[in-house]
Structure formats: C-alpha cells, structure tokens
Amino acid sequence: MAEGPTPLVEMRGIEVAFGGVKAVDGVSLDLYAGEVVGLLGHNGAGKSTLIKVLSGAVPARAGEILIDGAAVRIASPQDARRHRIETIYQTLALADNLNAAANLFLGRELTTPTGLLDEERMEAETRRILARLNRNFDRFSTPVRSLSGGQRQSIAIARAVHFDARILIMDEPTAALGVQETAMVAELVRQLKAEGIGIFLISHDIHDVFDLSDRVTVLKNGRLVGTRRVAETTQDEVLAMIIQGEPPSSSRHPREGGDP
Amino acid sequence: MKSLSSLLAKTELSPRLVGMLAVLAAIWIGFDLVTDGLFVTPRNLYNLSVQTASVAVMATGMVFVIVMRHIDLSVGSLLGVLAMVMGVVQTQVLPSWLGFENPATWMLTLAAGLLLGLAIGGLQGYVIGFLGVPAFIVTLGGLLVWRGAAWWVTQGQTVAPLDSRFVLLGGGPGGTLGATWSWVAGGLAMAAALLAMARSRRGRRKHGFPLRPLWAEALVAGLLVAAIAGTVLVLDAYEVPQRAAERIWQTRGLGPLPEGYVMVHGLAISVVIVVVIAIVMTVVGRSTRFGRYVYATGGNPDAAQLAGIDTRLLTVKVFALMGALCAVSAAIASARLQSAANDLGTLDELRVIAAAVIGGTSLAGGVGTIYGAIIGALVMQSLQSGMAMVGVTASLQSIVIGVVLVLAVFVDQLYRRGREE
Ligand SMILES: Nc1ncnc2c1ncn2[C@@H]1O[C@H](COP(=O)(O)OP(=O)(O)OP(=O)(O)O)[C@@H](O)[C@H]1O
Ligand SMILES: [Mg+2]
C-alpha cells in the first residue's frame, strides 16, 4: 500500500455496548487534516455513540484511538479537549439556565487578574464569534432556555469552533437552522477545512453531506457498511448502502453515468 | 400599569426581588396594624434580625445545594452536634490548656467547629457524589446520625455557661456594634455597593454594551443607600436598658457609665456575620468558576460533565461548604442562648429549605439567589414572631407557615410560566 501522510485521527475496532445492546460493533475509520468525513446511517445506527467515544463522553469496550499516529487514551471530555477535539453534540449540551457567554466559555471561563469571572470580556468575545454565525443574534443576557432552537444551535457551534480545535465533530449541526444560517455553517466548514482542521460531519441531509464532505462513511446497526470518496460514488449508491446495509451489486461500476 | 412595569424593567431590578420585598412589607404592616404598632418597632425588628441570623446563614448554603439538584435534610442535626462539640471545646478542652476566659478561646472553638463541619459535610458529599447514593437518603440518614451524635457528646447534658467572648457572636447583651460602629459598617456596605455598581457600568461601557439609563442607575443606588441607612437608623434607635448598659460598660473595663449617656444596640454581631456571608456567597455564586459550575450543573448535569466539569468533586465541595455554614449557624444559635443543648436546631432543616424555596430557589435545579434565601428566612421568621405576638397558638402557627410555603412555590411557578411565554 502506498502510504500517504499519517491520518489526524484513526479509530480502530471501536466497540460500545449499552447493557446487552451493541451500539457500535468493531467500527474503524480515519480522518485526515483538512478533510471532512460525513457519517451517514439510519436513526440508531450508532453515529452519535461512535463520535462520543472520540469526544470522551462514552467509554469504548474495545478498540483504540490514534492521533497523529500515536495511540491515545480518551477517558473523559477533559482528555478530548487536551487533544484539541471539539464537539457539537446532537443534544447541544447547553446549560439552559445560563446565558450565551456562560455556555460558550463553560469549563474555560476567562478570569480577571483577581481570579473572578471576567463577564464583560466573555460577552465581548461571544458577540464577536456569534456575529460570524448568526447576524441576527442579539440576546446576550437571557438564559439560553428562552432562545430558539436555531439560536441555541448557533451557540453550540460557536463554542466548538472558538477554542482552536484540530478535530471538530459536528453531530447534526444544522438540524434546527434556517436557510441563511445553514449556508453560513457550510461556509464555516469550508473555511475551517481550509485551515487544516479535520471534521466529522453527521447529518441526515445527504445533499449537504455530499456537498461538504471528501469521504462518506455509512453505518448500519452499529456496523461499518463502507467508506466512499464522494468524487467516486453517487448519492444512489450511498443511499442503497444506508438502506440495505451493503453496497449494491452494481457498485462494482460506481461511475455509472460515465460508463461508455 | 404597562408603563410602570417597563420602567421597572429598565432598572433591571429583578421583579421577583421587588415582589418578595412587597410581601415582606405587607406582613410587617399587617402585624403592625393588628398589634397596634408593636411590630414595626426598633426593639422587635432588632429581635427579628437576631432570630433570623442562624437560619439565614444556612439558607445561603442550601441555595447552592438545591441549585445542584440536591437537598440537605441534615443541617438541623448537624447544627446540633457542632454546637455541642464547640460547647465542649470551649468549656472543657481548651480551658485545660489555656485556662478559662482566654481571648483566643472563641476563635479556636469556631475554627474547630468549621473544620468538623467541613469534614462531616464533605463526607456526606462524598457518599452522594462518588458513591451515588441520593442526597435525600444520605442526609436523611445524617439527620438521625448527627442528632444522635449530639446526644453522645455529653450524654445529653446541656453545656453552659459558654465563653464570654463566644457568647457575643449571638448578638445578646454586649454583642452588638453600638451606634458608631454600626454607622461604620453601614458606610462600608454603601461604599462597596456603589463601587460594585460603578465598576460594572465602567466595564460595560468599555466594551460598548447597552447600559441602563442614568436615572435607573441613580434610583437603584439611592434605594440601596436608603435601605442600608434605614437599617442602621432603626437598629440604632433600640436603646440598651440603663442597668445592662452599666454592666456592659464595666465588663469592657471602661469604668462607670458617663452621666446622661444612652447606649444603643445597633447591628448585632450575628447580623454582621449574615451580611458578610451573604456578600461572599453572592460573589462566589456569580463571579467564581466554582459558583458558575454549581449553576451549570444544576441547569444541565450532562452538559456540565461534557464541558469537563468534575461534578462529583463539585458535589463534595458544595456539601462541605454547607457543613461549614452549619458550624457558623451553630455558633450563632448556641451563643444567642448562651448554652449548647443537644436538641438545638431541631426542625431547622425545614426552616432552611423553606427559606431558600420561598426565596425563589427552584427544586428543579439551576435557579436560586442568595438574597432571595435571606429574604425568605426573614419572611418565615416575621410570620412566626408576628403570630406569636398576636397570640396565635403554636399549632396554628405551623399550619399557617406550611400553607404559606406551598402558596409561595405555587405563585413562583405561575410567575415562571408567565415569563416563559
Ligand atoms: N445512553 C444510552 N443508553 C442505552 N442505549 C443507548 C444510549 N445511547 C444510545 N443508545 C443506543 O445505541 C444505539 C445507537 O444510538 P446513537 O445515538 O449512536 O444513534 P445515531 O446513529 O446517532 O441515531 P440518530 O440518527 O437518531 O441520532 C441506539 O440503539 C440507541 O438506542
Ligand atoms: Mg445521533
């Protein structure tokens, strides 16, 4: 095999079980710097669980994780943050009783020289970051409970991209966003990719995934169905993989439209 | 009506705070009318402030506990055992080294109580946070265990008399600041409040954030200064009886009381302790990482954990803090009675929880203020004292207070629902 550069992240043989149910069953995948890998699969296929192993939220029963080719132990969200892995969770993981700035800086608060929280600096930074994602956002002192789904999602995205991530995990980042905001997130993904960040993107919108990803990986019932380069496959083939759990028999000839 | 509430919104005063103060005022005025002017007197308000102190101190800690979605049913019993231990430390342990009436006795006693309170609270927090036993069960066990332990300290004997300096913590005869020092304390409080407001405004202007209008700023500042000055004025108007004043003057080694000198109470030391603890706890809750994590964990425990917060250790710290505050309350309560008995603090857990809840702390977690809990404690004590003054029997008193508790939470929920829509 002709080896290219070392992958930024490699997950090998990951297994997660909840009680008796295997939510992720021996899945391997990798991600290169400056690459977007889309994760696809039906509801309950194990996408969120798989990426939670990488973000330290769920312990794996078996398997290993390599970053820059070196085996690492990610046993907690702190470990993941140390490796500069940032995550936008499907559930957003916001403290509803706190405002936007408090959520954005949760666990990494800015402080004054006396060690007290520097609310003004945090609010100023938050205003700056959110302006890039959601121009209409102006509710900085209200608890995020009373914000709209899309506004809350903007805060979760802002939090993940603010802290110099090398590896970004986006679990359905645009599910609640309007057209304009979705376009801004797409723009952001392209920008981050150009900066050399590796991104896992989970979405049910196959068009979006094809639009943004370099490769797509399909899961079904916790198992890996396959990985395809977007440039070398079609949405039909990937859809068949999602639904049937195996590549269609015709996929020996993926470039069907180009066949003579 | 609408313009009034929009004006109120401009001052950024919490409507809940305004509401609670209105309720408190209504209770005071109501009892004053019924008792023909006996309720709102310097003497009664002084007593009210001293009687509220012990519960108010614990209520500030209970806010953090409840905000974290826990509960502490053991605080009354913990107060009991800590008061007993501090009683024995100051009357039996320390005198055997330092002799009686040593000036260091009260400090060493308090330090011992604080350490023991931290340890017991931390132990309960460990069982809750790391071993995963629900706080309700752990502290229900604690309620029984520490009440039993309070008896064991002296086999049920009441400890008295206590160290004469320690007793001053309770705000009894001599345990007050007097006229001059009350004004000094009040002045410091005003300066601190105005400084904090000015700093916040400067910070917001520096970053170009919206500011509240100057008239609103001035109104809030004026109200604060007036409230502090009013408190000092009222408490300074309560005179110490001539005979007691002479005795205090003598024990302080100042010789005979000067001719025509009128001694006044002013702020009780226990009330000063409450104010200092309230300020510290407010700063901790709002402006430190620890406090931020307490509120974040209460709002969404999973989110807090995913943000890298060690919520188990945080649980230990919050319960340890609660234990230390119980020690402060134990000192205040036993000092006020000038003795430590093993039933001290019985049913205080309910008063403390009720104070926090009446003050707007939500049992669902994530929401609660320190000032609310203190006003809640004051509301409860006002009701109790007022009813006693009117001659309501003890059984009817508990019925009324129980109904008020449920009503307060009901109204609070109505208010919350109204805000969400
Ligand atoms: N905390 C949990 N406890 C028990 N089972 C779980 C837990 N989290 C996930 N599961 C199970 O693991 C399986 C995979 O769930 P996961 O959330 O990873 O799916 P997903 O691919 O992200 O689905 P969706 O597209 O709906 O987000 C499901 O069968 C789910 O029921
Ligand atoms: Mg999912």
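The residue numbers shown here count from 1 along each chain, following its written sequence. Chain labels run from A onward and ligand labels from 1 onward, assigned in the order the entries are written. Reporting in this predicted model follows two pLDDT cut-offs: at least 70 for local features of residues, and 80 or more for side-chain atom pairs to be given and counted; totals over whole chains, interfaces and linings ignore these cut-offs and use all residues. Derived side-chain values reflect all non-hydrogen atoms in the structure, with water molecules and hydrogen atoms excluded from consideration.

**Some remarks on the overall build of chain B**
Operational definition: A run of H or I in DSSP becomes a helix once it reaches four residues, and a run of E becomes a strand once it reaches two; helices and strands are each numbered from the N terminus. Our radius of gyration looks at C-alpha atoms and nothing else; its globule reference is 2.2 Å times the residue count to the power 0.38. Should any heavy atoms of two residues lie within 4.5 Å, those residues are considered in contact.
Scanning chain B from terminus to terminus reveals 17 helices and zero strands. Against the globule reference of 22 Å for 421 residues, chain B gives a C-alpha radius of gyration of 22 Å, in line with a compact fold. Along the longest, intermediate and shortest principal axes, the C-alpha atoms of chain B span 60 × 60 × 50 Å. For chain B, the share of sequence-separated contacts (at least 6 apart) that also reach a separation of at least 24 residues comes to 80%.

**Things to note about the UniProt feature "domain: ABC transporter" (unreviewed entry) in chain A**
The criterion, for reference: UniProt positions are given in the numbering used here, feature names are shortened, and annotations may be inferred rather than shown by experiment.
Taking the numbering used here, the UniProt-annotated feature "domain: ABC transporter" (unreviewed entry) corresponds to residues 9-246 of chain A. Taken end to end, residues 9-246 of chain A is 34% helix and 26% strand, and its two terminal C-alpha atoms sit 25 Å from one another.

**Digging into the site of ligand 1**
All names here are of chain A. Short version of the rule: One heavy atom within 4 Å of a molecule or strand is enough for the residue carrying it to be called near that molecule or strand. Counted as a polar contact is a pair of N or O atoms within 3.5 Å, where, for protein atoms, one must be capable of donating a hydrogen and the other of accepting one, and residues adjacent in sequence contribute only when both atoms are in side chains. In short, Shrake-Rupley with a 1.4 Å probe defines the accessible areas, and a residue's cover is counted only from the protein chains shown.
Lining the immediate environment of ligand 1, one finds 13 residues, of which Asn43, Gly44, Lys47, Ser48 and Thr49 sit closest. Here Asn43 contributes a side-chain N or O atom positioned 2.8 Å from an oxygen atom of ligand 1. At 2.9 Å, a side-chain N or O of Gln90 approaches an oxygen atom of ligand 1. Taken by itself ligand 1 offers 640 Å² of open surface, and the protein chains cover 60% of this.

**Thoughts on the nonpolar core**
Stated precisely, the cut-off is as follows: Buried residues of nine kinds, namely Ala, Val, Leu, Ile, Met, Phe, Trp, Tyr and Cys, make up a nonpolar core once their side-chain atoms join them within 4.5 Å. Exposed residues in this analysis have more than 50% of their type's maximum accessible area, buried residues have under 20%, and partly exposed residues fall in between, with area computed by a 1.4 Å probe over protein chains only.
Ranked by internal contacts, the top residues of the largest apolar core, which has 76 residues, are Met62, Val63, Phe64 and Leu82 of chain B. Ranked by the residues each element gives to this core, the list is headed by helix α14 (residues 311-337) of chain B, at 13 residues. What Leu82 of chain B contacts, discounting residues up to four positions off in sequence, is Gly113, Leu116, Gly117, Gly323, Cys326, Ala327 and Ala330 of chain B. If you look at the next biggest cluster of nonpolar residues, it comprises 36 residues, including Leu104, Leu147, Leu201 and Leu212 of chain A.

**Some remarks on helix α11 (residues 269-287) of chain B**
Residues spaced three or four apart along an α-helix face the same direction, because each turn holds 3.6 residues. Our working definition: Residue count minus one, scaled by 1.5 Å, sets the expected span of a helix.
For α11 of chain B, built from 19 residues, the straight-helix expectation of 27 Å at 1.5 Å per residue is met to within 8% by its first-to-last C-alpha distance of 27 Å. Those residues of α11 of chain B hidden inside the fold are in contact with α3 (42-67), α12 (289-299), α14 and α16 (370-390) of chain B.

**Some thoughts on the sheet that holds strand β2 (residues 21-31) of chain A**
All names here are of chain A. Selection rule: We call two strands paired when DSSP finds no fewer than two bridges between them. Each axis is a line fitted through C-alpha atoms, and for a helix only the stretch in contact is used; angles between axes span 0 to 180 degrees, taken between their N-to-C directions.
If you walk across this open sheet you meet the four strands as β2-β1-β4-β5, and the pairing is antiparallel. Single-partner strands in this sheet number two, and they are β2 and β5 (70-72). This sheet shows a mean twist of 30° between the axes of neighbouring strands, independent of strand direction. Strand direction decides the pairing type here: strand β4 (residues 62-67) and β5, joined by three bridges, are antiparallel.

**Some details on the sheet that holds strand β6 (residues 85-88) of chain A**
Residue and element names in this part refer to chain A. The strand order across the open sheet built from six strands is β6-β7-β8-β3-β9-β10, with neighbouring strands paired in mixed fashion. On the outer flanks of this sheet lie β6 and β10 (223-229), each paired with one strand and no other. For this sheet, the mean angle separating the axes of adjacent strands, direction not counted, is 15°. Two strands pair when backbone bridges link them, and strand β9 (residues 215-220) and β10 are joined in this way by six bridges, in the antiparallel orientation. Within the sheet, the bridge partner assigned to Arg215 lies in β10 and is Arg229. This element, helix α8 (residues 235-244), spans β3 (36-40), β9 and β10 of the sheet and lies at about 20° to β9.

**Some words on the interface of chain A and chain B**
As a reminder of what qualifies: Accessible area, probed at 1.4 Å, shrinks when two parts are joined; the buried area is that loss added up over both. A pair is scored as a salt bridge if a Lys or Arg side-chain nitrogen falls within 4 Å of a carboxyl oxygen belonging to Asp or Glu. All amino acids are sorted into three groups, where Ala, Val, Leu, Ile, Met, Phe, Trp, Tyr, Cys and Pro are nonpolar, Asp, Glu, Lys and Arg are charged, and the leftover types, Gly among them, are polar.
Facing the 26 residues of chain A at the interface are 26 residues of chain B. Roughly 2200 Å² is buried in total at the junction of chain A and chain B, and carbon and sulfur atoms are behind 61% of that figure. When residues of chain A are sorted by the area they lose upon contact with chain B, Asn97, Leu117 and Glu120 of chain A head the list and together hold 24% of the total. One can count three salt bridges joining chain A with chain B. Arg292 of chain B is the partner of Glu119 of chain A in a salt bridge, and the nearest nitrogen-oxygen pair spans 2.7 Å. Inspection of the chain A/chain B interface yields nine residue pairs in polar contact (both at pLDDT 80 or more). Among the residues forming the side of chain A that touches chain B, the class breakdown is 13 nonpolar, four polar and nine charged.

**What about the coordination of the magnesium ion (ligand 2)?**
Residue and element names in this part refer to chain A. Applicable threshold: The donor set comprises N, O and S atoms within 2.8 Å of the metal, extended to 3.2 Å for Na, K and Ca; water molecules are omitted, so apparent gaps in a site may simply reflect that omission.
Every protein donor of the magnesium ion (ligand 2) is accounted for by Ser48 (OG) and Gln90 (OE1), and the metal-donor separations fall at 1.9 to 2.1 Å. Of the two residues, Ser48 is situated in helix α1 (residues 47-54) and Gln90 in the loop between β6 and α3 (100-104); the sequence distance between them amounts to 42 residues. A relative accessible area of 17% places Ser48 in the buried class. Given a relative accessible area of 42%, Gln90 falls into the partly exposed group.

**A closer look at the domain arrangement of chain A**
Residues and elements named next belong to chain A. Using the following cut-off: The domain limits used here are those given by an automatic or database domain assignment.
As far as domains go, chain A holds domain 1 (1-84 + 165-248) and domain 2 (99-163). Computed over C-alpha atoms, the centres of domain 1 and domain 2 are 26 Å apart. In this assembly, 16 residues from domain 1 lie in contact with 17 residues from domain 2. For the domain 1 and domain 2 pair, buried surface summed over both sides reaches about 1300 Å², with 53% attributable to carbon and sulfur atoms. A per-residue breakdown of the area domain 1 buries against domain 2 is headed by Arg81, Met184 and Leu188, which together make up 40% of the total. Here domain 1 and domain 2 share zero salt bridges between them. Remark: the boundary between domain 1 and domain 2 carries five residue pairs in polar contact (both at pLDDT 80 or more).

**Observations concerning empty space enclosed by the protein**
A water-sized probe, rolled over the atoms, reveals where empty space remains. Keep this limit in mind: For each structure, a 1 Å grid was placed over the protein atoms alone; sets of points admitting a 1.4 Å probe that cannot get out are labelled cavities, open sets with protein on both sides within 12 Å along at least five of seven lines are labelled pockets, and lining residues have an atom within 4 Å of a point. Grid points are joined across faces, edges and corners, and a volume is the space filled by probe spheres set on the points.
According to the stated counting rule, one finds two cavities of 30 Å³ or more in the structure shown. Size it by volume and the largest cavity reaches roughly 150 Å³. Lining of the largest cavity is provided by 14 residues; of these, Arg81, Glu86, Thr87 and Tyr89 of chain A together with Leu306 of chain B occupy positions nearest its centre. Elements with a contribution of two residues or more to the lining of the largest cavity: α2 (77-82) and β6 of chain A together with α13 (301-306) of chain B. When its residues are assigned to classes, the lining of the largest cavity shows eight nonpolar, two polar and four charged. Estimates place the volume of the second largest cavity at around 50 Å³. The wall of the second largest cavity is formed by Val55, Arg351, Ala377, Met380, Gln381 and Gln384 of chain B. Sorting elements by how many residues they give to the lining of the second largest cavity places α16 of chain B first, with four residues. Split by residue class, the lining of the second largest cavity holds three nonpolar, two polar and one charged.

**Quick look at the packing of α12 of chain B against α14 of chain B**
The description of two packed helices rests on the angle between their axes and on the distance between the axes. All names here are of chain B. Heads up, the condition is: Angular relationships are summarised with four words: roughly parallel below 35 degrees, roughly antiparallel beyond 145, roughly perpendicular across 65 to 115, and oblique for the angles in between. Helix crossings get a hand from a simple test, with the near helix turned counterclockwise from the far one by less than a right angle marking a left-handed crossing and a clockwise turn marking a right-handed one.
At a minimum axis separation of 11 Å, α12 and α14 run at an interaxial angle of 110°. In this view, α12 runs roughly perpendicular relative to α14, as classed from their interaxial angle. Taken as a pair, α12 and α14 cross one another with a handedness that is left-handed. Mapping the contact onto sequence places Phe290, Tyr293, Val294 and Thr297 in α12 and Thr311, Leu314, Lys317, Val318 and Leu321 in α14. Here the residues of the contact of α12 with α14 are counted per class, giving six nonpolar, two polar and one charged.

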